[in-house]
Amino acid sequence: MSNSKATLPVAEPYPLSTLRHSVSHLMASAVAKLHPGVQFGFGPAIEHGFYYDFDLSEPLNESDLRKIEKEMERQAKRSQPLTKITVTRAAAKERLAAKGQHYKIEAVDLIPEGEDITFYSHGDWEDLCEGPHVDTLTRPFAFKLLSVAGAYWRGDEKRPMMQRVYGTAFWTQAELDAHLKWLEDVKQRDHRKLGSELDLFSTHGEVGGGFIFWHPNLAAVRRCIEEFWWEEHTRRGYKPVYTPHVSREQLFSISGHLEKYSEMMYAPMEIEEQPYRIKPMNCPGHIMIYKTRGRSYRELPLRWAELGTVYRYERSGVLHGMLRVRGFTQDDAHIFCTPEQLASEIAGVVDLVTKILSAFGYEYTAYLATRPEQSIGEEDVWTLAIKALEEAARMSKLPLTLDEGGGAFYGPKIDFKVKDALGREWQNSTIQCDFNLPQRFDLTFTDHDGKQKRPIMVHRAILGSMERFVGGLIEHFGGKFPLWCAPVQVALVPIREEHAEYCKKLELELQSDLFRVDAMLDPGHMNNKIKEAQKAHIPFTLVAGDREAADGTVAVRRRGTREQEVMPFTQFLALIRDLRARKALDLGEKALAR
RNA sequence: GCCAGCGUAGCUCAAUUGGCAGAGCACCUGAUUUGUAAUCAGGCGGUUGCGGGUUCAAGUCCCGCCGCUGGCUCCA
């Protein structure tokens, strides 16, 4: 959809968000025209566009959106200055009452005392709105309505549900087209789509939603990540622990989860007349190990790590592929340390986070989340912990963005947001100080003065959960995993059946070097096998015929290209060993070109 | 959980107002022996998500449940 008027002034003086806000007004006026009696909610600009909430007796569908777009175009073509008036509180309510806009009347009461109450109008439609807006809708711009979904009035699930129409707008058609192409790209890379296309994972109706089955291909990816994860942890003095999945309910009543978290926990099961629960968290288990004997300051810090699978009840409507599930494995670890050790321990975690996130080519931003209103603990402990987090960031040269009051009730934290290949943000890594659990479980250590003191506990996860991280990774790479963690690293294609023997030999050599290989030795045409290998995004396809078998060479075809380079097999092996050892994100294009 | 929508072969999708459930890919069998993205022929494959109802007749209409999708709320 575009509304281009060559003669009109350039659009640039307004930010894009202002245009989008104005286009949401245009959409509202179009809906008012097409659906008399509509009640309006809120209609702001958002990150990639805008929305407007409507209360309508009729549900809107895709074809309604097209009709609304047409009406918007019609209205935009007429001269449509957007004008602002300021009114008193009483007058505002009166104007809205006359139109029967009861949501908007409620919105008036949300405007703080002393602020101007303003209306913006275009044509014969007006809306309570603080603005700002573009001066006229006859400026050139391009827009599209994208989807309709339910949304509670004021985000409160106890209040009525309205219909939210999402759309987007840009100054030019070209920018809109680029955005729509981006949306298409997002859809193509959807981990659920790639998950079935590349035979990565599945969920099952007979199992229930939110439980992930990792197929061999994705299990291979996960194993590589886990090995990398354990290596880096071992280097930093972490020790693996294993804890049970089920425990007496009592454990979670001591930890406080039962009280604070019971909505997320599965119902108790009865074993010999005792209630037991499936764990929603790993921390109480690690604490049990800590408590088995007296602890000395000499053995702190203790760093215990576990890829711990937990189960949490999530409402059916929130489940989403691998990103939001009911059973998941956290890459969990707990550090028990003294207050003096806190800063350097956190710095160690920051180092680990940056090491692991960078290996996947993620850029990241860190946020310092401070004390929320509802929280526990002495003020000086909070201050100490926040200082430790800041100090650690300074030591690691990590810039922190302040997230005021965003901490957990039991302590402050640093959260990391990563940006993926499509520019979307994900939150996985978190470093949390906890004063609560050490107290609840009465954790102590004997200090050098012989006194019993309370350790601080640090909860931290780098990947967050294997499910969410790997799900995000599928989209980040678009299914094209770097060699080191690709499900299948090398495809072998014999030109004729008689070359199968040579390929078999290569397969065994690669396998003995722990490479994952798909030797395509079944009868069939080589072209078809090359197609299969490319569709599966296998990094390297090796084609071998008479010449290669005779010379001990391979014709190497890199993922995504049609060119081949013939090289000795030993040279190829050296290339992929190097790529694997470096965890290279590329396929050694430069090395090949040489 | 809520609002809206969807559910047909392993996958992608057809099936006119309710009127004999079909195609491509995948898979299996046979033929083909190939130098860089689809060789040819044949075959297998379905209680149309599950359960009920309306009807002479239901993939199609109605009700309930399950699952999925887009959001809201919530979250690793």
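Since this is a predicted model, take the numbers as computed values, not measurements.

Cut-offs and rules
Residues numbered from 1 in each chain as written. Chains lettered and ligands numbered in written order. Predicted model: local features only at pLDDT ≥ 70, side-chain atom pairs only at ≥ 80, totals over all residues. Heavy atoms only, no water. Helix = DSSP H or I, 4+ residues; strand = E, 2+ residues; numbered from the N terminus. Buried < 20%, exposed > 50% of the residue type's maximum accessible area, 1.4 Å probe, protein only. Contact = heavy atoms within 4.5 Å. Near = heavy atom within 4 Å. Polar contact = N/O pair within 3.5 Å; in protein donor to acceptor, adjacent residues only side chain to side chain. Nonpolar A, V, L, I, M, F, W, Y, C, P; charged D, E, K, R; others polar. Expected span 1.5 Å × (residues − 1). Arc of directions from axis to C-beta. Pairing = 2+ DSSP bridges. Core = buried A, V, L, I, M, F, W, Y, C linked by side-chain atoms within 4.5 Å. Domains from an automatic or database assignment. Axes fitted to C-alpha atoms, helices over the stretch in contact; angles between N-to-C directions. Parallel < 35°, antiparallel > 145°, perpendicular 65-115°, else oblique. Left-handed = near helix turned anticlockwise from the far one by under 90°. Salt bridge = Lys/Arg side-chain N within 4 Å of Asp/Glu carboxyl O.

**Things to note about the overall build of chain A**
Phase 1: When helices and strands are counted, chain A shows 19 helices and 29 strands.
Phase 2: For chain A, the C-alpha atoms occupy an extent of roughly 85 × 75 × 50 Å along the three principal directions.
Phase 3: In chain A, which comprises 594 residues, the proportion classed as buried is 51%.
Phase 4: Sequence separation of at least 24 residues holds for 71% of the intrachain contacts in chain A that already meet a minimum separation of 6.

**Regarding the protein's contact with RNA strand B**
Phase 1: Around RNA strand B sit 49 residues in total, of which Tyr152, Ser316, Arg324, Glu497 and Glu548 are the nearest.
Phase 2: Counted by atom, the contact set of RNA strand B within 4 Å of the protein is 45% sugar and phosphate.
Phase 3: The contact in question runs from a base nitrogen of RNA strand B to an N or O atom on the side chain of tyrosine 152, over 2.4 Å.
Phase 4: The contact in question runs from a base oxygen of RNA strand B to an N or O atom on the side chain of arginine 324, over 2.2 Å.
Phase 5: Listing elements by their share of the surface near RNA strand B, those giving two or more residues are strand S8 (141–152), strand S9 (161–170), strand S24 (456–465), helix H16 (526–535), helix H17 (546–551) and strand S28 (553–558).
Phase 6: For the surface near RNA strand B, the leading source of residues is H16, giving seven residues.
Phase 7: Of the residues belonging to the surface near RNA strand B, the class tally is 15 nonpolar, 17 polar and 17 charged.

**Remarks on helix H12 (residues 379–395)**
Because the α-helix completes a turn every 3.6 residues, residues three or four places apart line up on one side.
Phase 1: With 17 residues, H12 extends 24 Å between its outermost C-alpha atoms, agreeing within 8% with the 24 Å of an ideal straight helix rising 1.5 Å per residue.
Phase 2: What H12 keeps buried is the set Trp382, Ala385, Ile386, Ala388, Leu389, Ala392 and Ala393. Take H12 and look down its axis: the buried residues cluster within an arc of 150°, on one side only. More than 90 degrees from the buried face of H12, the exposed residues found are Glu379, Asp380, Lys387 and Arg394.
Phase 3: Of the surrounding elements, those touching the buried residues of H12 are helix H11 (342–359), strand S18 (363–369), strand S19 (400–403), strand S20 (413–419) and strand S21 (425–434).

**Examining the sheet that holds S19**
Phase 1: Taken in spatial order, the eight strands of this open sheet run S12-S16-S17-S24-S21-S20-S18-S19, and their pairing is mixed. Each of the sheet's edge strands pairs with one partner strand only, and the pair in question is strand S12 (239–240) and S19.
Phase 2: Here seven bridges tie strand S17 (residues 327–337) to S24, and the two strands are oriented antiparallel to one another. In the strand pairing of S24, isoleucine 335 is matched with valine 458.

**Remarks on the nonpolar core**
Phase 1: In this structure, Leu218, Ile225, Leu342, Ile346 and Phe360 are the most contacted members of the largest nonpolar core, which totals 66 residues.
Phase 2: For this core, the element with the highest residue contribution is H11, accounting for 11 residues.
Phase 3: Split by domain, this core shows at least three residues from each of two domains, domain 2 (215–240 + 279–477) and domain 3 (483–593).
Phase 4: In this structure, leucine 218 is in contact with Leu200, Phe201, Met322, Val470 and Ile474, ignoring residues within four places of it in sequence.
Phase 5: Val31, Phe40, Phe54 and Trp125 belong to the second-largest nonpolar core, a separate cluster that totals 28 residues.

**A short note on unusual backbone geometry**
Phase 1: Here the bond from leucine 300 into proline 301 is cis, since omega is 0°, no more than 30 degrees from zero.
Phase 2: Position of proline 301 among the secondary structure elements: in the loop between helix H10 (283–290) and strand S16 (302–311).
Phase 3: Positive phi, close to 55°, is recorded for lysine 397, a residue that is not glycine.
Phase 4: Of note, lysine 397 is situated in the loop between H12 and S19.
Phase 5: The exposure class of lysine 397 is exposed, given its relative accessible area of 74%.

**Here we look at the environment of leucine 389**
Phase 1: Within the secondary structure, leucine 389 sits in helix H12.
Phase 2: The exposure class assigned to leucine 389 is buried, which follows from its relative accessible area of 0%.
Phase 3: Residues leucine 389 and glutamate 363 lie 26 residues apart in sequence; the distance between their C-alpha atoms is 20 Å.
Phase 4: Apart from the residues lying within four places of it in its own chain, the contact partners of leucine 389 are Ile346, Leu368, Leu400, Pro412, Lys413, Ile414 and Cys433.

**Quick look at the packing of helix H7 (residues 216–235) against H11**
Phase 1: Here H7 crosses H11 at 155°, and the two axes come no closer than 11 Å. One element, H7, and the other, H11, form an angle in the roughly antiparallel class. The two elements H7 and H11 meet at a crossing, and its hand is right-handed. Residues Phe228, Trp229, Glu232 and His233 of H7 form the contact with H11, whose own contacting residues are Leu352, Lys355, Ile356 and Ala359.
Phase 2: Here the contact of H7 with H11 is composed, by residue class, of five nonpolar, one polar and two charged.

**Digging into the domain arrangement of chain A**
Phase 1: Here the domain parsing of chain A yields domain 1 (3–189), domain 2 (215–240 + 279–477) and domain 3 (483–593).
Phase 2: Each of domain 2 and domain 3 was reduced to a C-alpha centroid, and the two centroids are 40 Å apart.
Phase 3: Facing 11 residues of domain 2, the contacting portion of domain 3 comprises seven residues.
Phase 4: Along the contact surface separating domain 2 from domain 3 lie zero salt bridges.
Phase 5: There are zero residue pairs in polar contact (both at pLDDT 80 or more) connecting domain 2 and domain 3.
Phase 6: Secondary structure elements with two or more residues in the side of domain 2 that touches domain 3: H7 and H11.
Phase 7: The element best represented in the side of domain 2 that touches domain 3 is H7, accounting for six residues.
Phase 8: Looking at side-chain class alone, the side of domain 2 that touches domain 3 contains eight nonpolar, three polar and no charged residues.

**Overview of the pattern of salt bridges**
Phase 1: Following the criterion strictly, the structure yields 44 salt bridges and no others.
Phase 2: Here aspartate 185 ties to arginine 189 by a salt bridge, and the two come within 3.7 Å at their closest N and O atoms.
Phase 3: Linking arginine 424 and glutamate 475 is a salt bridge whose minimum nitrogen-to-oxygen distance equals 3.0 Å. With arginine 424 in the loop between S20 and S21 and glutamate 475 in helix H14 (residues 466–477), this pair connects stretches of sequence that are 51 residues apart.
Phase 4: Classification of arginine 424 by relative accessible area gives buried; the value is 18%.
Phase 5: The network of salt bridges with common partners includes Glu232, Arg235, Arg236 and Asp351.

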